[in-house]
Each structure stands twice: as structure tokens, then as C-alpha cells.
There are 2 protein chains.
Amino acid sequence: MERTEISKLGEFGLIEHLTKEIRLNNSSSIYGVGDDAAVLDYSGKQVLVTTDMLTEGVHFDLTYMPLKHLGYKSASVNISDIYAMNGRPRQLTVSLAISKRFSVEDLEDFYEGVLLACDKHGVDIVGGDTTSSLTGLAVSITCIGEAKKEDIVFRNGARPNDLICVSGNLGAAYMGLQLLEREKAVFYSTHHDSKEPFSPDFAGREYILERQLKPEARGDIIKELADAGIRPTAMIDISDGLSSELIHICRQSGTGCRLYQERIPIDYQTAVMAEEFNMNVYTCALNGGEDYELLFTVPLELHERISALKDIHLIGHITNPESGRMLVTDSGQEIELKAQGWQSHLD
Amino acid sequence: MERTEISKLGEFGLIEHLTKEIRLNNSSSIYGVGDDAAVLDYSGKQVLVTTDMLTEGVHFDLTYMPLKHLGYKSASVNISDIYAMNGRPRQLTVSLAISKRFSVEDLEDFYEGVLLACDKHGVDIVGGDTTSSLTGLAVSITCIGEAKKEDIVFRNGARPNDLICVSGNLGAAYMGLQLLEREKAVFYSTHHDSKEPFSPDFAGREYILERQLKPEARGDIIKELADAGIRPTAMIDISDGLSSELIHICRQSGTGCRLYQERIPIDYQTAVMAEEFNMNVYTCALNGGEDYELLFTVPLELHERISALKDIHLIGHITNPESGRMLVTDSGQEIELKAQGWQSHLD
């Protein structure tokens, strides 16, 4: 019996491999696997469906992730996928597999977080499943949204000369994670058996912690774009790092890109933390995941209108495919962009 | 800090507890938590959404469950929920959390099974998530279907004097599970270290094994009812056992019921196996889960028409709530129906 290790394919290779035989047969199935959400047409508005699974020890560590935050984050990352289609999130289902280690209060905390995110974005919880697990906690959320057919933005619409835009700032969630991991290590090495209370060193780092523990889906950006009458040509939310997501857009659009390192928005706290950890802050912004900012492209002629908008940054432009997918460093050097997936967990 | 054990509430108590604060706000959210699927209205047809999570060691045992069968079963149980609303399944998302123990071929097997079930019921896979797990396998599937508003059947529409009907036969999947568990125990006690090939004793038991390993969603029954112009007043699929599901219908409809034990359809293999295990076959049919047959009620005046249909059995009738929810035994004795959930896993 042949055996191919999953690590050999990597995340995207595995997904492509598993889904390549899938064909859409129903007239109501407009778009299936391959974007942030599936598009279904039940006459009139189109229905957007997206789903994400989070498992303990892989996507979250309950040592420092309160369950309320986990609920908020689990909902937010799914809601973010609907926004990334330029849709409006409407419903959500929540499935949980739990071991006896968890109490009713724990689950209340989790649901409280889910409801908080849902309330913020006008989303209804319409179903789910709660079942038992012999080991850790697993969370699976499906979010459903709607959009007019002509408003939906896929990953494949970028064209040469389009401007590459990103909301907010990048690398913050990743630096927040590094900080939490460091304080956890300090706790286990020095305070685990101690009777002294442990005070993690979080002063002045609240912003990056919040970016990791309580990420926000950028519905405000979707609204801002709609109000300005701007429809992106391609869009994706940043869950796996800027580099990986930009490659998705280029690959699916059949284009290259030029990304200017100095234009990548970085928050002050992120930069300070990276310095303290002796890490290159741009590497963190390019490859660190979980920022849930929106990455999108708009036609060049919208330059002035997009520049006038709040919290949106121009970081490069789309090119012909022959020009490659390049990062232009501060010193003017061109380096090929590389993606990273979750394969490290399966190595 | 107060701590309530989950086992204290049980499955249904827990779900009720966790969802009681949920309010529906969008006009497109017609029906949320509380039935087999959520109903969404995006003009014209209504959209049905259902989701189920299965975890290793709780819902399936890979010792005797081939991954292809697991894929087929995972899809079938979700598709069954859409039929239980009198809807037509249309799309499905598949999320998997896997450990490095699994190979690409394993996942191909799983997907092959999912696709087989999807093909059979005309369902498109439109999304999902594949991620890693530090421990066992977890599967989360969301199925989306459609129905005309006036065709949808909820659990709460049963009225006194309605006939209680069930498709196929019951207890078979449960007896199949008992057989598999017995052969597994034999293998571990006598053959585990042996070099002799192990031949489980499955001759003549193929039907009950297939009911456990490859359950079928009863789309044929939904079609049969539609062709006959019959719309049930209430309907549910049998995943947790006849007793539990009938109580759901009665509770949500505000009625009682009278279920006649001798009318419960039992297959010959199920009866033989129960005899061999020294178990009461009716107890297996009432409390054994995973049959995925349809349980529904129809008005009394349809007696002749429903009796003429293939593979549908009349097993009792709905009563006033004051009459209670009663099982009438072969000897004419009346016993109150009791439900069982999955709480045993969390005890």
C-alpha cells in the first residue's frame, strides 16, 4: 500500500489534491471550493457559506486563551471570510466537541464570546452541534452571508496595474502570540511550583495581545468601500500572512505583483516587540498569520479615492505574470515572495 | 467559582441552556436552533442549513470503520437532516481535523465516501476546512438544502389523532455496532499477538453491518411522499433512537403519543442478533441510535393512502398531552417513554 505523507503536499497541495475531482452539478451552486466562501444562488440575493475548524493545541492554547476570547475569535474568523467576499454575514452555526474537562460555565463563556462577535456584526446563530471528545476541544463554525451577485468579489479578479491595498496593520497578532508563548515559558520554568502569584509582563503590550486574543473582522472597511462606491477587483482576508494571501490572489488571477516592504503598515508595539525578540518585523508581517485584515486590489484610476480613505494602505501593484511575485526591500532589492501554510503542525 | 458538570444537564439540557439567549434578528433568519436544520429566506426558495460533528472514539472507531465508510456516513447523516425538514439537499461543506497518523490515501478514501453519498443525493461539495489535530480525527459537515416555504416540515406540527409513521426498520444499526464491538473484543483477547489471520464472524450479518457502517439517508421516502401528495405534519430523522425522537416531536408539538411495540418494524437479522446477545430487541429499536430512518406524523384521514406506500409503517398515534407519552407493550401494558442522549460519554 502506497503511503504519501501529508507534509509532502503541504496545506494547499493537500486541499487541491482532495478537491480536484469535485464537480458542481446544481444550478444553485455558483462557486464552490477555492475561495473564502461558497456562493449559492437561490434566486435574488446570493448566499455565501464559509466554514472553519479550530483545534486545541493547534489553533489555540487554553493556557492563555480565555474561552470567551476563543468564542469571539472563532466567530470573527468566519465572519471575516464573508466580508472577504464583499458580502454581509447573516447567520452562523457553532459546533463543539468537548471533553469532560469542561464545565457548563466554560461553555457559557465560549458562547458569550461568540454572541458578542455576532451582535457586533448583526449575525444570528442558527444552529450547531455539541458533542463529546475523548481529548481536547475542537470548534467548527459555519458562517452564511448574502450579497448581490454583482457585488461579490473573488480572489481571481486582479489585473495588471491594479493597486494592492491592505487595511489596518500587520504582524501584530503574531507578535502577540510570541509574547504569550514567552510568558507561558517563564511561568512553567520559574513559577510552576511557586506559591508566589505569577504576573506576566504585559504592560504596554495590550494592543498586540488584543490582536491575537480578540481579532476583529473588518466589516468597517467593507462599509467604507461601499460608501465610497469602490468595488475591489480581488479580495482575501489575511489569516495565513500577507505573503501567502497575496500569492493566492496572484495565482488565481494569473498575475504577478510588486510588494513594497517599506509600505507594509506596522504598529509601533509590533515593531518594539519584534526588536525585543530580535526578529525582523517585516518577516513577521509577511508570514505571521491571524491579523484578519483585508487584502484587496483596485483599478489604478481609483488611486486618489482609495488614498483618501481611513485605515487603508497602498502597498504595491499587480503586474504581468512574467514579472513574477516580488517583494521590493528597503534597499531596492527584489526577492521572490514565498508562502507558508500550517504544514509545520503535520511535519 | 461555581462549576456545574455537563453530565448534570445532559445533551438536550445543555443545548437548551446554551441557546436560550439566542435571538434571531435578520429577516432572512426564519428558524434557527431547535430543529434538524436552520431555515433561511433569501427570497423565493428557502435555504436549509444543518451541521454535525463526529469525533474519533466517540462517534466512530477506526478499528472497524473504514475511512471511506466514515466519509459516506458523515455525509449521509447531514443529508438525512435536510430530508427530515422535507427539503432537498443541495450543497455540503466538509471540515476535517487530522493528526499525522493519517496519510493522503486515507483522506482520499474519506473523500471518496463523501462523494459517493453526495452523488447519490445530487449534492455538491462547496467548501470546507482541513486542519491538523494533536490527537484523533474530527469531522464536521454542514449541509445546505432548499425547499418551498409551504413544503417545510418542522418537529412541532403533530396534532392529536395524527398517525405516527416510520420508514424502514429499527435497531439494525445498533445491533451492527454490538457485533463489531464483540468481534473487536475477540480480536484483542485472542488474536492480537497471533500470527494467524483474524476472520471476524460476520457471515449472514451483512445487513446489520451495512446499516451501521453505511447508513442511507431516506430521500426515497421523501420522494415517495411527495409523489403521493402527502405532506407530514411533523418529521424528524432517527439518530438517537425512536424513543428520543418521538419525545422531541411530542414535546415540540405539545402532545402525547401512544406507540405500539408490536408495530415497531424489526429486520430478521436484527432480531436474531439480539437473541444471540440476550438483549430485548424492542429496547434496541427504541434506544439504539443511528438508524437514520424518518419518523413522521400524518393526519388520520390519510390512513389508507399512507398504508398503500412502500416501506412505511404505522406504529402509533398522537394524543392529547394529558394522556402522556406511552409505549403500549405486546401484553397491553402502558409504559412511559424515556429518552437517552449521549451524556454517557461525559459521565
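Residues numbered from 1 in each chain as written. Chains lettered and ligands numbered in written order. Predicted model: local features only at pLDDT ≥ 70, side-chain atom pairs only at ≥ 80, totals over all residues.

Novice: Explain the overall build of chain A here, please?
Specialist: Looking only at helices and strands, chain A has ten helices and 13 strands in total. Among the 347 residues that make up chain A, the fraction classed as buried is 52%. Excluding contacts between residues fewer than 6 apart, the proportion of contacts in chain A whose partners are at least 24 apart in sequence is 85%. (Helix = DSSP H or I, 4+ residues; strand = E, 2+ residues; numbered from the N terminus. Buried ≥ 20, exposed ≤ 12 C-beta atoms within 10 Å, placed from the backbone. Contact = placed C-beta atoms within 7 Å.)

Novice: Could you clarify how one ought to interpret the sheet that holds strand 10 (residues 294-298) of chain B in this entry?
Specialist: Either a parallel or an antiparallel arrangement is found when strands of a sheet pair, and the pairing is made through backbone hydrogen bonds. Residue and element names in this part refer to chain B. Spatial strand order, 8-10-7-11-9-12-13: seven strands in an open sheet with mixed pairing. Strands with a single pairing partner mark the edges of an open sheet, and in this sheet they are strand 8 (234-237) and strand 13 (334-336). Across the sheet, the mean angle from the axis of one strand to that of its neighbour is 25 degrees, orientation sign disregarded. Across the sheet, helix 7 (residues 242-253) touches strand 7 (163-167), strand 8, strand 9 (256-260), strand 10 and strand 12 (325-328), and the angle it forms with strand 8 is around 150 degrees. (Pairing = 2+ DSSP bridges. Axes fitted to C-alpha atoms, helices over the stretch in contact; angles between N-to-C directions.)

Novice: Help me out: how do you make sense of the pairing of strand 7 of chain B in this one?
Specialist: Looking down a regular strand, the side chains alternate between one sheet face and the other. All names here are of chain B. Burial analysis of strand 7 places five of its five residues in the buried class, the great majority of the element. Burial along strand 7 is two-sided: Leu163, Cys165 and Ser167 and Ile164 and Val166, pointing in opposite directions, are all buried. For strand 7 and strand 10, the ladder comprises four bridges, and the chain directions are antiparallel. In the strand pairing of strand 10, isoleucine 164 is matched with threonine 297.

Novice: Please clarify how helix 6 (residues 219-227) of chain B should be interpreted in this entry.
Specialist: For the α-helix, the turn length of 3.6 residues means that residues three or four positions removed from each other point alike. Residue and element names in this part refer to chain B. All of the buried residues along helix 6 are Ile221, Ile222 and Leu225. Here the buried residues of helix 6 occupy an arc of 100 degrees about the axis, which is enough to place them on one side. Relative to its buried face, helix 6 has exposed residues pointing more than 90 degrees away, namely Lys223 and Asp227. (Arc of directions from axis to C-beta.)

Novice: How do you make sense of the pairing of strand 10 of chain B when you look at a structure like this?
Specialist: Residue and element names in this part refer to chain B. Where burial is concerned, most of strand 10 is hidden: five out of the five residues are buried. On strand 10, burial covers both faces: Leu294, Phe296 and Val298 on one face and Leu295 and Thr297 on the other are all buried. Of the pairings in the sheet, the one linking strand 8 to strand 10 comprises four bridges and is antiparallel in character. Along strand 10, the bridge assignment pairs methionine 235 with phenylalanine 296.

Novice: Quick question: what am I supposed to make of the sheet that holds strand 13 (residues 334-336) of chain A here?
Specialist: Residues and elements named next belong to chain A. With mixed pairing, the seven strands of this open sheet are ordered in space as 8-10-7-11-9-12-13. The outermost strands of the open sheet, each flanked by one partner alone, are strand 8 (234-237) and strand 13. Geometrically, the sheet is characterised by an average inter-axis angle of 25 degrees between neighbouring strands, direction not taken into account. The pairing of strand 9 (residues 256-260) with strand 12 (residues 325-328) spans four bridges and is classified as parallel.

Novice: Just to check I follow, could you spell out the nonpolar core for this structure?
Specialist: Generally speaking, nonpolar side chains in soluble globular proteins are found buried as a group. By size, the foremost hydrophobic cluster in this structure holds 183 residues, and its most contacted members are Leu92(A), Val114(A), Cys165(A), Leu92(B) and Val114(B). Not counting residues up to four positions away in its chain, the partners in contact with Val114(B) are Gly71(B), Tyr72(B), Ser74(B), Ala75(B), Val94(B) and Ile125(B). (Core = buried A, V, L, I, M, F, W, Y, C linked by C-beta atoms within 7 Å.)

Novice: Even after reading the chapter, I still don't get the packing of helix 2 (residues 67-83) of chain A against helix 3 (residues 104-121) of chain A, so can you show me in this structure?
Specialist: All names here are of chain A. It is at 6 Å that the axes of helix 2 and helix 3 come closest, and there the two elements cross at 40 degrees. Classified by chirality, the crossing of helix 3 by helix 2 is right-handed. On the side of helix 2, the interface is formed by Leu67, Lys68, His69, Leu70, Gly71, Tyr72, Ser74, Ala75, Ser76 and Ile79, while helix 3 contributes Asp106, Asp109, Phe110, Tyr111, Glu112, Gly113, Val114, Leu116, Ala117, Cys118 and His121. Its residues placed into classes, the contact of helix 2 with helix 3 shows eleven nonpolar, six polar and four charged. (Left-handed = near helix turned anticlockwise from the far one by under 90°. Nonpolar A, V, L, I, M, F, W, Y, C, P; charged D, E, K, R; others polar.)

Novice: Looking at this structure, how should I read helix 8 (residues 268-276) of chain B?
Specialist: Residues and elements named next belong to chain B. Those residues of helix 8 that fall on the buried side of the exposure criterion are Gln269, Thr270, Met273 and Ala274. Buried residues of helix 8, viewed axially, fall in a sector of 135 degrees; they line one side. Facing away from the buried side of helix 8, by more than 90 degrees, are the exposed residues Tyr268 and Glu275. Once helix 8 finishes, asparagine 278 follows within two positions and takes phi at roughly 60 degrees, a positive value.

Novice: Would you explain unusual backbone geometry in this entry?
Specialist: Comment: phi is negative for the bulk of residues other than glycine, and the bulk of peptide bonds are trans. All names here are of chain A. One non-glycine residue, asparagine 278, lies in the positive phi region at around 60 degrees. Relative to the helices and strands, asparagine 278 resides in the loop between helix 8 (268-276) and helix 9 (281-287). In this structure asparagine 278 comes out as exposed when scored by C-beta crowding, with 6 C-beta atoms within 10 Å. Despite not being glycine, glutamate 290 has its phi angle at roughly 70 degrees, a positive value. Assignment of secondary structure puts glutamate 290 in the loop between helix 9 and strand 10 (294-298).

Novice: Can you walk me through the confidence of the model for chain A in this structure?
Specialist: Interpretation of this model should avoid reading the predicted coordinates in detail wherever pLDDT is low. Residues and elements named next belong to chain A. Here chain A averages 88 in pLDDT, and 89% of its residues register 70 or above. In the predicted structure, residues 341-347 sits below a pLDDT of 50 and forms 17 contacts with residues beyond four places in sequence or in another chain. Confidence metrics for the complex model read pTM 0.89 and ipTM 0.86. (pLDDT = per-residue confidence, 0-100.)

Novice: Explain the environment of Glu2(A) to me, please; I cannot follow it from the model alone.
Specialist: On the secondary structure map, Glu2(A) appears in the segment before helix 1 (6-19). C-alpha separation for the pair Glu2(A) and Glu304(A), spaced 302 residues apart in sequence, amounts to 57 Å.

Novice: It is not clear to me how the environment of Lys8(A) should be interpreted in this structure. Could you clarify?
Specialist: All names here are of chain A. Take lysine 8: it is sitting in helix 1. By C-beta crowding, lysine 8 is classed as exposed, having 12 other C-beta atoms within 10 Å. Once the C-alpha coordinates of lysine 8 and alanine 274 are considered, the two residues, 266 residues apart in sequence, prove to be 31 Å apart.

Novice: Sorry if this is basic, but what is going on with the environment of Leu48(A) here?
Specialist: Residues and elements named next belong to chain A. The residue leucine 48 is located in strand 3 (residues 46-55) in this model. A residue is classified by how many C-beta atoms lie within 10 Å of it, and leucine 48, with 30 of them, is buried. As a C-alpha pair, leucine 48 and histidine 303 span 255 residues in sequence and 29 Å in three-dimensional space.

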